[in-house]
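Chain by chain, the residues run as shown.
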Amino acid sequence: ESSGGNTKSSATAEIIAADPATLAVMARCERVGKTDTTALLTGESGVGKDVFARRIHDLSKRAGKPYIALNCAAIPETLLESTLFGHEKGAFTGATKAQPGKFELADGGTLFLDEIGEMPLELQAKLLRVLQDHVVERLGGRESLSCDVRIIAATNQDLQARVAEGKFREDLYFRLAVFPIRIPSLKERPQDILPLAEAFLRR
């Protein structure tokens, strides 16, 4: 659905948007892009949530700054914390050198947290603290590092249902869902099918 991906930032990244439903999503992306508001993208797997997240970044005042994407479901639970927040040398077995986390790497820019619903509860509490205090502490470190990061989160799950089940923190949900954007599935935007097919043929 896009040629944007995680490549160098480009406000002209191709998004096929012919259907009114998709155009409405684009309009919401433009609205939130002009702000520094946290956005939560929801929708089925494969609808292009990562593409729209990149679009929001490209339309923002942070467009020239880093865009860092992290799939929370693709990283083992034991490594997710150090991936997010970084670690100092010797923080755990195998930590042979200090490593900055995604928050540090995204400083000044945007951090896209895909599959946020898969994040363990303990880590959700730490993420909430970072969002509230705008500081991050590496594993095994004592120094608090300030970070200026805009968060865009995405999920294919019903986070409100997970909150009701006790599997997702309600306070974190409300902090992430400041500006919710639901990405419709392709069957809900049929006018995109032909332009998409033509784009794939050209490619």
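Residues numbered from 1 in each chain as written. Predicted model: local features only at pLDDT ≥ 70, side-chain atom pairs only at ≥ 80, totals over all residues. Heavy atoms only, no water.

So what exactly am I meant to see when it comes to the pairing of strand 7 (residues 179-182) here?
Two faces make up the sheet, and in a regular strand the side chains alternate between them. Along strand 7, the buried face is formed by Phe-179 and Ile-181; none of Pro-180 and Arg-182, which line the opposite face, is buried. Note that strand 1 (residues 39-42) and strand 7 share four bridges and pair parallel. Bridge pairing in strand 7 places Leu-41 opposite Ile-181. (Buried < 20%, exposed > 50% of the residue type's maximum accessible area, 1.4 Å probe, protein only. Helix = DSSP H or I, 4+ residues; strand = E, 2+ residues; numbered from the N terminus. Pairing = 2+ DSSP bridges.)

For this particular structure, what's the right way to read the packing of aromatic side chains?
Centre distance and the angle of the planes are the two values used to describe a pair of aromatic rings. Inspection of every chain in the model, using the stated rule, returns two aromatic pairs. A ring pair is formed by Phe-85 and Phe-103, whose centres lie 5.9 Å apart and whose planes are at 15 degrees; its orientation type is stacked. In this pair, Phe-85 is assigned in helix 3 (residues 77-85) and Phe-103 in helix 4 (residues 102-105), connecting sequence segments 18 residues apart. With respect to burial, Phe-85 and Phe-103 carry one shared label: buried. (Phe/Tyr/Trp six-rings, centres within 6.5 Å; stacked < 30°, edge-to-face > 60°.)

Explain the packing of helix 3 against helix 5 (residues 121-133) to me, please; I cannot follow it from the model alone.
For any two helices packed against each other, the geometry is given by the interaxial angle and the distance between the axes. Running from amino to carboxyl end, helix 3 crosses helix 5 at an angle of 10 degrees, the nearest separation of the two axes being 11 Å. One way to sum up the angle between helix 3 and helix 5 is to call them roughly parallel. Contacts between helix 3 and helix 5 involve Leu-80, Glu-81, Leu-84 and Phe-85 from the former and Leu-123, Lys-126, Leu-127 and Val-130 from the latter. Residues belonging to the contact of helix 3 with helix 5 are distributed by class as follows: six nonpolar, no polar and two charged. (Axes fitted to C-alpha atoms, helices over the stretch in contact; angles between N-to-C directions. Parallel < 35°, antiparallel > 145°, perpendicular 65-115°, else oblique. Contact = heavy atoms within 4.5 Å. Nonpolar A, V, L, I, M, F, W, Y, C, P; charged D, E, K, R; others polar.)

Sorry, what's going on with the nonpolar core here?
By size, the foremost hydrophobic cluster in this structure holds 30 residues, and its most contacted members are Leu-84, Phe-103, Leu-111, Leu-113 and Ile-116. For this core, the secondary-structure elements that each account for two or more residues are strand 2 (67-71), helix 3, strand 3 (110-114), helix 5, strand 6 (150-155), helix 6 (159-164) and helix 7 (170-176). With five residues, helix 5 is the single largest residue contributor to this core. Once you skip the residues sitting within four places of it in the chain, Ile-116 turns out to touch Leu-40, Cys-72, Leu-127, Ala-153, Ala-154, Thr-155, Leu-159, Phe-168 and Leu-176. Formed by 19 residues, the second largest nonpolar core is a distinct cluster that contains Met-26, Cys-29, Ile-152 and Ile-183. (Core = buried A, V, L, I, M, F, W, Y, C linked by side-chain atoms within 4.5 Å.)

Explain the packing of helix 1 (residues 20-33) against helix 2 (residues 49-58) here, please?
Relative orientation of the contacting elements helix 1 and helix 2 amounts to 40 degrees, with a least axis distance of 8 Å. Of the possible angle classes, the one that applies to helix 1 and helix 2 is oblique. Seen along the crossing, helix 1 lies across helix 2 with a hand that is right-handed. Seen from helix 1, the contacting residues are Thr-22, Val-25, Met-26, Cys-29, Glu-30, Val-32 and Gly-33; seen from helix 2, they are Phe-52, Arg-55 and Ile-56. The residue inventory of the contact of helix 1 with helix 2, partitioned by class, reads six nonpolar, two polar and two charged. (Left-handed = near helix turned anticlockwise from the far one by under 90°.)

Please clarify how unusual backbone geometry should be interpreted in this entry.
Generally, phi is negative for residues other than glycine and the peptide bonds are trans, each holding for most cases. Its identity as a non-glycine residue notwithstanding, Glu-115 has a phi of 55 degrees, on the positive side. Assignment of secondary structure puts Glu-115 in the loop between strand 3 and helix 5. With relative accessibility at 15%, the residue Glu-115 sits in the buried group. Here His-134, not a glycine, exhibits a phi torsion of approximately 60 degrees, which is positive. Summarising the element assignment, His-134 is placed in the loop between helix 5 and strand 4 (135-137). In this structure His-134 comes out as partly exposed when scored by relative accessible area, which is 45%.

Mind showing me how you'd approach the sheet that holds strand 3 here?
Think of a sheet as strands paired side by side through backbone hydrogen bonds, with each pair either parallel or antiparallel. In space, the five strands of this open sheet follow the order 2-3-6-1-7, with parallel pairing throughout. For this open sheet the edge positions go to strand 2 and strand 7, each flanked by a neighbour on one side alone. The average angle at which neighbouring strand axes cross in this sheet is 15 degrees, direction not considered. Judged from the five bridges that link them, strand 2 and strand 3 form a sheet pairing that is parallel. Bridging from a neighbouring strand, Asn-71 pairs with Asp-114 of strand 3.

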